[in-house]
Amino acid sequence: MHTPGVGALLKQVGERGLTNVRVIQHDAVEVLTRMVAPDSLAGIHIFFPDPWHKKRHHKRRLIQPPLVALLASRIQPGGYIHLATDWQDYAEQMLVVLAAEPLLANTVADYAPRPDTRPLTKFEQRGIRLGHGVWDLVFKRVE
Ligand SMILES: C[S@@+](CC[C@H](N)C(=O)[O-])C[C@H]1O[C@@H](n2cnc3c(N)ncnc32)[C@H](O)[C@@H]1O
């Protein structure tokens, strides 16, 4: 989707000699629906999805009940979904939507401490400079 980002990622994969990475530049919803088998993923990371901060654009936000049901169906039982956002009202929406998904349970009360596994991206660094907060959510698939 963001071609320069894909290029930067491929450059790092090459420089580090990694052989266990597959990059797909395509709509993640379609990829999950058509290319990823049910109950197959150890975990899913979605960091800083576009916030669509204008209220009339909230319907474009990625984290909505149908997508969360799709995500939950692709994770193995016991697998996890880790989301992060720097928009408080999107974090609140994420919490409501994930908590309402019967296949998922929160690993903590409300928001999780930043897990060490989440890298600090340029995007987040810019947000921190601007004084934005960051909210992490880590849910597990229960069955
Ligand atoms: C705000 S950026 C965050 C990028 C990165 N995760 C980070 O933390 O720096 C949101 C990204 O989500 C991508 N995106 C939005 N909707 C998508 C979709 N349906 N499938 C795949 N990528 C999507 C956009 O192209 C954009 O690159």
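From a predicted model like this one, the values you see are computed outputs, not experimental measurements. (Residues numbered from 1 in each chain as written. Predicted model: local features only at pLDDT ≥ 70, side-chain atom pairs only at ≥ 80, totals over all residues. Heavy atoms only, no water.)

(A) Looking closely at the domain arrangement of the protein chain. As far as domains go, the protein chain holds domain 1 (1–26) and domain 2 (36–141). On a C-alpha basis, the centroid separation for the pair domain 1 and domain 2 is 22 Å. (Domains from an automatic or database assignment.)

(B) Expanded view of the sheet that holds strand β3 (residues 104–106). Spatially, 4 strands are ordered β1-β2-β4-β3 in an open sheet, and the strand pairing comes out mixed. Either end of the sheet is taken by a strand with one partner, and the two such strands are β1 (41–47) and β3. Across this sheet, the average inter-strand angle for adjacent strands is 20°, counted without regard to direction. In terms of strand pairing, β3 meets strand β4 (residues 135–141) through 3 bridges, oriented antiparallel. In the strand pairing of β4, L104 is matched with R141. Along the sheet, helix α3 (residues 65–74) makes contact with β1, β2 (75–85), β3 and β4, crossing β2 at roughly 135°. Strands β2, β3 and β4 of the sheet are contacted by helix α4 (residues 88–99), whose axis makes an angle of about 10° with β4. (Pairing = 2+ DSSP bridges. Helix = DSSP H or I, 4+ residues; strand = E, 2+ residues; numbered from the N terminus. Axes fitted to C-alpha atoms, helices over the stretch in contact; angles between N-to-C directions. Contact = heavy atoms within 4.5 Å.)

(C) Layout of the site of the ligand. Around the ligand, the structure places M1, H2, H26, D27, A28, F47, F48, D50, T121 and F123. In the environment of the ligand, a nitrogen atom lies 2.8 Å from a nitrogen or oxygen atom belonging to the side chain of D27. In this structure, F47 approaches the ligand through a main-chain N or O atom, which is 2.8 Å from a nitrogen atom. The residue makeup of the shell around the ligand, split by class, is 5 nonpolar, 3 polar and 2 charged. Split by domain, the shell around the ligand shows at least three residues from each of two domains, domain 1 (1–26) and domain 2 (36–141). (Near = heavy atom within 4 Å. Polar contact = N/O pair within 3.5 Å; in protein donor to acceptor, adjacent residues only side chain to side chain. Nonpolar A, V, L, I, M, F, W, Y, C, P; charged D, E, K, R; others polar.)

(D) Just unusual backbone geometry, in detail. Phi at F48 takes a positive value of approximately 55°, unusual for a residue other than glycine. Mapped onto the elements of the fold, F48 is located in the loop between β1 and α3. Since its relative accessible area comes to 11%, F48 is described here as buried. Despite not being glycine, D110 has its phi angle at roughly 60°, a positive value. Relative to the helices and strands, D110 resides in the loop between β3 and α5 (122–129). (Buried < 20%, exposed > 50% of the residue type's maximum accessible area, 1.4 Å probe, protein only.)

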